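Survey of secondary and tertiary structure
The primary structure of each chain is shown beneath.
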Amino acid sequence: MIEIIPAIDIIDGKCVRLTKGDYSAQATYQESPVDMVKRMVDSGFTRIHAVDLTGARLGQPCALGTLEKMASVNNARIEWGGGIKSDDDLRDMFNAGGSWAVIGSVAARQPLLFNHWLLTHGGDSMILGADLRDGKVAVSGWTSEEDLTADDLINRFRPLGLSQTIVTDISRDGMLLGPNFDLYKDLKAKHPDILITVSGGISSTDDIDRLDTLGLPRVIVGKALYEGRVTLDGLSHKYL
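Now for a look at the structure at hand.

What counts, and where the lines are drawn
- Residues numbered from 1 in each chain as written.
- Predicted model: local features only at pLDDT ≥ 70, side-chain atom pairs only at ≥ 80, totals over all residues.
- Heavy atoms only, no water.
- Salt bridge = Lys/Arg side-chain N within 4 Å of Asp/Glu carboxyl O.
- Buried < 20%, exposed > 50% of the residue type's maximum accessible area, 1.4 Å probe, protein only.
- 1 Å grid on protein atoms, 1.4 Å probe; cavity = no way out; pocket = protein on both sides within 12 Å on 5 of 7 lines; lining within 4 Å.
- Points joined across faces, edges and corners; volume = space filled by probe spheres on them.
- Helix = DSSP H or I, 4+ residues; strand = E, 2+ residues; numbered from the N terminus.
- Core = buried A, V, L, I, M, F, W, Y, C linked by side-chain atoms within 4.5 Å.
- Contact = heavy atoms within 4.5 Å.
- Axes fitted to C-alpha atoms, helices over the stretch in contact; angles between N-to-C directions.
- Parallel < 35°, antiparallel > 145°, perpendicular 65-115°, else oblique.
- Left-handed = near helix turned anticlockwise from the far one by under 90°.
- Nonpolar A, V, L, I, M, F, W, Y, C, P; charged D, E, K, R; others polar.
- Phe/Tyr/Trp six-rings, centres within 6.5 Å; stacked < 30°, edge-to-face > 60°.
- Lys NZ or Arg CZ within 6 Å of the ring centre and 35° of its normal.
- Disulfide = S-S within 2.5 Å.

Attention now moves to the pattern of salt bridges. A complete count under the given rule lists 13 salt bridges for this structure. The shortest N-O distance in the salt bridge between R39 and E31 comes to 2.5 Å. The class of R39 is partly exposed, set by a relative accessible area of 38%. On the basis of relative accessible area, E31 is assigned to the partly exposed category, the value being 29%.

Spelled out as structure tokens, the structure:
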């Protein structure tokens, strides 16, 4: 059974969702990140995906205080990304209570540093974030691109212990039009030893069921949850 990971994106201490990563196309929601974590955990979802969007854009963590409050919710485990660029950033993230670090820009631009983190912390704690625009990796809060593909990054870091990656199709993110099924089917076929998390475009449980049929192990659900296309209770009853 596919694992559902509900998402929380954070700007200025508030839950938001962007469309295609566009900071000018921001929807802000009433519940605080901590209240959302409580709701998610109460519904049975203990692994939660969270992104410090301000940190991602500025290149330094900006919401570790919020992470600390989120991680203090009983049974919550947070996979956290956004602006982690140095050993100190990574240490501070773990000290604030993050269970996993999602690393995108450093993996693309400073591979030796990500190599070091994989060797030091292990593939169980480090997650490769591969955010794709037209097949190329986007970095720095999706504001620029590198001449790399998800395959390039996976192949680069697999020998160092990489075991899991979150792959986002930016063109689908926040669009509620369904994920890029062909992309994930192809990645799973090429990298059967890597745990691939689908991110971007989920609009309904039909999308999730199709990914499950394709054998994808995990999927992040964001905007569909906040816009009422799916509910925590509904997902819990069907997938937990």
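There's more to say after this.
Our focus in this paragraph is empty space enclosed by the protein. Gaps left between atoms show up when a probe the size of a water molecule is rolled over them. Going through the model one piece at a time under the given rule, you end up with 1 cavity of 30 Å³ or more. As for the largest cavity, its lining consists of 42 residues, and the residues nearest its centre are H49, V51, D131, W142 and T168. Here the element with the most residues in the lining of the largest cavity is strand β8 (residues 136-139); it accounts for 3 residues.

Let's shift gears to the nonpolar core. Counting residues in each nonpolar core, the largest one holds 70 residues, and the members touching the most others are I8, I78, W80 and F114. Apart from the residues within four sequence positions on either side, W80 is in contact with I10, A50, D52, A63, L64, L67, M70, M93, W100, A101 and V102.

Here we take up the packing of helix α1 (residues 33-42) against helix α3 (residues 64-71). Orientation of α1 relative to α3, taken along the N-to-C sense of each, is 25°, at an axis distance of 9 Å. Comparing their axes, α3 and α1 come out roughly parallel. The two elements α1 and α3 meet at a crossing, and its hand is right-handed. Taking contact as the criterion, the partners of P33, V34 and V37 in α1 are, on α3, T66, K69 and M70. Of the residues assigned to the contact of α1 with α3, the class counts are 4 nonpolar, 1 polar and 1 charged.

This brings us to the side chain of D89. Tracing the backbone shows D89 in helix α4 (residues 87-95). Leaving out residues up to four positions away in the same chain, D89 has contacts with P61, G83 and I84.

Before going further, it helps to examine the packing of aromatic side chains. Any pair of aromatic rings gets described here by the distance separating the centres and the angle formed by the planes. Scanning the entire structure with this criterion turns up 2 aromatic pairs. Aromatic pair Y29 and Y226: ring centres 4.9 Å apart, planes at 40°, arrangement tilted. Within this pair, whereas Y29 is found in the loop between β3 (22-28) and α1, its partner Y226 is found in helix α10 (residues 223-226), the two being separated by 197 residues in sequence. Y29 sits in the buried class, given a relative accessible area of 16%. With 4.8 Å between their ring centres and 90° between their planes, F114 and F157 make a pair best called edge-to-face. In this pair, F114 sits in helix α6 (residues 111-121) while F157 sits in helix α7 (residues 150-157), placing the two residues 43 residues apart along the sequence. Assessed through its relative accessible area of 0%, F114 is described here as buried. The ring of F181 carries the charged tip of R210 above its face, separated from the ring centre by 3.9 Å.

On the secondary structure map, C15 appears in strand β2 (residues 14-19). Linking C15 and A101, residues 86 residues apart in sequence, is a C-alpha distance of 19 Å. For C15, the residues in contact, after removing those within four places along its chain, are I8, D9, A27, T28, Y29, E31, S32, P33, M36 and Y226.

Here we come to the state of the cysteines. All told, the structure shown has 0 disulfides when counted by the stated rule. Between C15, a free cysteine, and C62, which holds the nearest cysteine sulfur, the sulfur-to-sulfur gap is 17 Å. You can call C15 buried: its relative accessible area is 1%.

This part covers unusual backbone geometry. Residue K20 is not a glycine yet carries a positive backbone phi of 55°. Checked against the element boundaries, K20 lands in the loop between β2 and β3. Using a relative accessible area of 42% as the deciding quantity, one classes K20 as partly exposed. Positive phi is not limited to glycine here, since S140 has a value of about 55°. Considering the arrangement of structural elements, one finds S140 in the loop between β8 and β9 (144-145). For S140, a relative accessible area of 15% puts it in the buried group.

Everything listed here is a matter of geometry and, on its own, says nothing about what the molecule does.
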